[in-house]
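# Coordinates in review
Next come the chains, spelled out residue by residue.
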Amino acid sequence: MKFSTKKTLVAAIALTAVAGPFAASSALADDGEPSPWLVRVRMLQVMTQQGNDAATGVPADSIKVANRTQPEIDVSYFITHNISAELVASYPLSHQVQLNGNYIGGLQELPPILNLQYHFDGMGRFVPYVGAGVMYLRTMNVSLLGGAVGLQQNNWGEDVQLGADYKLDNHWLLNADIKKTWVSVGLNSAGGTDLQLNPDPYILGVGVGYRF
């Protein structure tokens with residue numbers, strides 16, 4: 001997906017969330033509305049893409065950051081009945097890294113995500129939602145090629161999101177969620193090789209939630 005198309009998709013989903021209050025009259029101040037706080041615990045599958053720029057001795061799309069399965073916790077605050085802000089938190093994820101199929105080391109990354117979401121009404125216990133926002137990816141404990149290669153530490157990207165909650169009762173729910181992220185990480189070596197890694201992971205999650 002080209003950069004301009006990606007920006008348009010993120011902006012369109014964010015606009016849907018922002019425009020929601022004008023289409024839905026229910027607000028959190030209404031009688032019978034539950035607490036604005038929702039906490040979910042999910043198991044994630046982080047599916048990275050094999051992508052990098054070409055550089056001397058490094059063909060394009062030859063670096064692979066390994067996939068990872070890991071639990072996470074996220075907290076949502078409902079600004080209105082339909083609109084929420086979600087913060088996805090996690091402890092650092094460890095990844096192995098391969099170049100042309102050969103192991104060259106590993107890294108850790110911490111990837112919090114902040115999304116604005118719009119939740120749709122009218123489907124009973126089934127509540128689908130869309131979201132878009134920003135991703136911050138911090139790399140740490142990088143050990144590539146015996147320390148000869150470093151990674152940019154602070155990185156920013158975008159994401160879009162599609163998910164659904166299924167209400168079990170007034171508090172408990174089941175959740176399934178998919179996010180598509182776009183993030184680039186600069187790589188440099190003592191020999192002067194500078195390129196961008198583009199892991200751009202899909203993040204699949206299933207879990208449970210509790211609305212206070």
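What comes next concerns the included structure. (Residues numbered from 1 in each chain as written. Predicted model: local features only at pLDDT ≥ 70, side-chain atom pairs only at ≥ 80, totals over all residues. Heavy atoms only, no water.)

### Remarks on the pairing of strand β6 (residues 102-110)
By the bridge criterion, seven bridges tie strand β5 (residues 93-99) to β6 in an arrangement that is antiparallel. Paired with S94 across the two strands is Q108, which belongs to β6. Counting the residues between successive antiparallel strands, the hairpin from β5 to β6 contains two residues, one of them, N100, with a positive phi of roughly 55°. Across five bridges, the pairing between β6 and strand β8 (residues 126-144) is antiparallel. Considered in β8, the bridge of G106 is made with S143. (Pairing = 2+ DSSP bridges. Helix = DSSP H or I, 4+ residues; strand = E, 2+ residues; numbered from the N terminus.)

### Focus on the nonpolar core
Membership of the largest hydrophobic core comes to 21 residues, with the highest contact counts inside it found for I63, V97, L144, L151, L187, L195 and L197. Only β2 (63-65), β5, β6, β8, β9 (149-151), β12 (185-189) and β13 (194-197) provide two or more residues apiece to this core. (Core = buried A, V, L, I, M, F, W, Y, C linked by side-chain atoms within 4.5 Å. Buried < 20%, exposed > 50% of the residue type's maximum accessible area, 1.4 Å probe, protein only.)

### Some thoughts on the pairing of β12
Each regular strand displays side chains that alternate between the two surfaces of the sheet. Buried residues dominate β12, accounting for four of its five residues. As defined by bridge partners, β9 adjoins β12 across three bridges and the pair is classed as antiparallel. Bridge pairing in β12 links G150 to N188. Pairing between β12 and β13: four bridges, direction antiparallel. Bridge pairing in β13 links V185 to L197.

### Focus: the side chain of N155
Looking at where N155 falls in the secondary structure, it is placed in strand β10 (residues 154-167). By relative accessible area, which is 1% here, N155 ends up buried. Polar side-chain contacts of N155 include one of 3.0 Å to the backbone oxygen of Q152. Within the local environment of N155, its side chain forms a polar contact with the backbone oxygen of Q153, the two atoms lying 3.4 Å apart. Excluding anything up to four places from it in sequence, N155 contacts M135, Y136, L137, T139, V183, S184, V185 and G186. (Polar contact = N/O pair within 3.5 Å; in protein donor to acceptor, adjacent residues only side chain to side chain. Contact = heavy atoms within 4.5 Å.)

Nothing here speaks to function; it is geometry throughout.
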